Amino acid sequence: DRLALAQLATVVVSIPLCVRLMMAPYWAIYSWRSGVHLPTGQDERGRHWIGAENPKVVLHEYVDYGCPHCAVVTHRTQQVLARYPGALRIVRHLYPRMPCRKTPEMFACTFARAAICAGDQGAFWQADSWLFEHCSGRLNVDLHKAANDLHIDYGKLSSCVESDAAFARAQAEMDDASEHHVKEAPSYVIDGKLLSAKDAFVELGKRL
């Protein structure tokens with residue numbers, strides 16, 4: 001009936017607005033649309049970080065861009081970072097959840113390779129945002145669209161993603177996760193201690 005249709009229309013219209021409001025702190029920090037608004041860098045092992053230059057707490061976050069739960073939980077860490085930008089640093093670890101070997105389909109660790117190669121063009125955190133938005137629940141990535149949206153060179157991105165070096169670097173991320181006994185995504189490490197998402201937020205609440 002008309003009442004039911006009106007209620008449905010209200011819900012449909014309100015969903016994008018609610019999502020936008022919920023995501024506001026995330027977009028304020030960094031996104032592929034608006035850029036990066038906090039200090040960034042790479043640690044001694046080349047891992048990308050964002051947040052405090054002299055952090056009180058360093059949160060190591062292991063994610064897979066194809067993991068829908070990772071997209072949800074990392075939004076929460078962005079909100080915490082938005083509240084404590086001078087005290088918290090997030091270090092991004094890529095956890096593809098499968099060995100990084102070349103296959104005819106080229107699906108293995110494709111998102112990790114895309115992030116790594118976008119980082120080589122100075123767009124790691126923009127790619128981080130783009131990959132979470134476009135690849136959650138998927139098997140592959142549209143590199144042409146990624147390059148266009150991120151304003152980076154498609155040819156360089158494509159050749160890098162398919163290179164032996166990119167596979168090796170992605171496998172190094174897997175090896176790092178294994179060293180820290182990471183078995184699921186997302187996972188967190190603070191001061192060398194492996195934590196679930198729930199325990200990580202509890203620990204952040206104590207320290208910040």
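Look above for the structure.
Chains are numbered independently. Their residues run from 1 in the order of the written sequence. Given that the model is predicted, a residue must reach a pLDDT of at least 70 before its local features are reported, and side-chain atom pairs must reach 80 or more before they are shown or counted; all residues, however, enter totals for whole chains, interfaces and linings. Hydrogens and waters are ignored; side-chain quantities use all the structure's heavy atoms.

J.: Is there a simple way to explain the packing of aromatic side chains in this structure?
T.: Aromatic ring pairs: the centre-centre distance and the angle between the two ring planes describe each pair. When two rings of Phe, Tyr or Trp (its six-membered ring) have centres within 6.5 Å they constitute a pair, described as stacked for plane angles under 30 degrees, edge-to-face for angles over 60, and tilted for the intermediate range. All told, the structure shown has four aromatic pairs when counted by the stated rule. With 5.1 Å between their ring centres and 90 degrees between their planes, F124 and W125 make a pair best called edge-to-face. Through a chain of ring-to-ring contacts, the aromatic side chains of Y30, F124 and W125 assemble into a single cluster. Over the ring of F201 we find R76; its NZ or CZ atom is 3.8 Å from the centre of that ring. The criterion for a charge sitting over a ring is simple: Lys NZ or Arg CZ within 6 Å of the ring centre, and within 35 degrees of the ring normal.

J.: How should I be thinking about the pairing of strand 7 (residues 187-190) in this particular structure?
T.: Along any regular strand, the residues point their side chains to alternate faces of the sheet. What you see with strand 7 is no split at all: S187 and V189 on one side and Y188 and I190 on the other are buried throughout. When strand 5 (residues 57-63) meets strand 7, the two strands line up antiparallel, connected through three bridges. Looking at the pairing, E61 lines up with Y188 of strand 7. For the exposure calls, accessible area comes from a 1.4 Å probe over protein chains only, and a residue counts as buried if that area is under 20% of its type's maximum, exposed if over 50%, partly exposed in between. Helical segments are the DSSP runs of H or I of at least four residues, strand segments are the runs of E of at least two, and each set is numbered from the N terminus. Whether two strands pair depends on DSSP finding at least two bridges between them.

J.: So what exactly am I meant to see when it comes to the side chain of T77 here?
T.: Considering the arrangement of structural elements, one finds T77 in helix 2 (residues 68-83). T77 sits in the buried class, given a relative accessible area of 1%. We call two N or O atoms a polar contact when they sit within 3.5 Å, provided that within protein one can donate a hydrogen and the other can accept it, with sequence-adjacent residues counted only if both atoms are side-chain atoms. In this structure the side chain of T77 is engaged in a polar contact, spanning 3.0 Å, whose partner is the side chain of E61. A distance of 2.7 Å separates a polar side-chain atom of T77 from the backbone oxygen of T74. Beyond its immediate chain neighbours, meaning those up to four positions away, T77 contacts L59, E61, I90, Y188 and F201. It only takes one pair of heavy atoms within 4.5 Å for two residues to be counted as in contact.

J.: What exactly am I supposed to notice about unusual backbone geometry here?
T.: Negative phi values dominate among residues other than glycine, just as trans dominates among peptide bonds. Of the consecutive residues A185 and P186, the connecting peptide bond is found in the cis state with omega at 0 degrees. For H151, which is not glycine, the phi dihedral falls at a positive 60 degrees. The topology assignment puts H151 in the loop between helix 5 (143-150) and helix 6 (154-161). Overall, the relative accessible area of 72% leaves H151 in the exposed class. Not every positive phi belongs to a glycine, and H181 is a case in point at roughly 60 degrees. Overall, H181 belongs to the exposed group, its relative accessible area being 57%.

J.: Honestly, the state of the cysteines in this entry has me stumped. Any pointers?
T.: One way to say it: the disulfide is the covalent bond shared by the sulfur atoms of two cysteines. For this text, the term disulfide refers to a pair of cysteine sulfurs within 2.5 Å. Counted by the stated rule, this structure contains one disulfide. What pairs with C117 in a disulfide is C160, and their sulfur atoms sit 2.1 Å apart. Taking the sign of the torsion about the S-S bond as the criterion, the disulfide between C117 and C160, at about -80 degrees, is left-handed. You can see C117 sitting in helix 3 (residues 110-120) and its partner C160 sitting in helix 6, a full 43 residues away along the chain. Like C160, C117 is buried.

J.: I tried to follow the packing of helix 3 against helix 7 (residues 164-179) on my own but got confused; where do I start?
T.: Angle between the axes and distance between the axes are the two parameters that describe a pair of packed helices. Axis definition: a line fitted to C-alpha atoms, over the contacting stretch in the case of helices. Angles run 0 to 180 degrees between N-to-C directions. Remark: helix 3 packs on helix 7, axes separated minimally by 9 Å, with the N-to-C direction vectors making an angle of 110 degrees. Taken as axis vectors, helix 3 and helix 7 run roughly perpendicular relative to one another. The hand of the helix 3/helix 7 crossing is right-handed. Side by side, helix 3 and helix 7 meet where A112, R113, I116, C117 and D120 of the first sit next to A166, F167, R169 and A170 of the second. Note on residue classes: Ala, Val, Leu, Ile, Met, Phe, Trp, Tyr, Cys and Pro are nonpolar, Asp, Glu, Lys and Arg are charged, and everything else, Gly too, is polar. Here the residues of the contact of helix 3 with helix 7 sort into six nonpolar, no polar and three charged. For classification purposes, an angle smaller than 35 degrees is called roughly parallel, one larger than 145 roughly antiparallel, one from 65 to 115 roughly perpendicular, and anything else oblique. Each crossing gets its hand from how the near helix is turned against the far one by less than a right angle, where anticlockwise is left-handed and clockwise is right-handed.

J.: Looking at this model, I keep getting lost on the nonpolar core. Mind explaining?
T.: Soluble globular proteins tend to bury their nonpolar side chains together. In plain words, nonpolar cores are sets of buried Ala, Val, Leu, Ile, Met, Phe, Trp, Tyr and Cys residues tied together by side-chain atoms within 4.5 Å. Formed by 61 residues in total, the largest nonpolar core has its most connected members in Y65 and L131. Beyond its immediate chain neighbours, meaning those up to four positions away, L131 contacts Y65, F111, A114, A115, S136 and V141.

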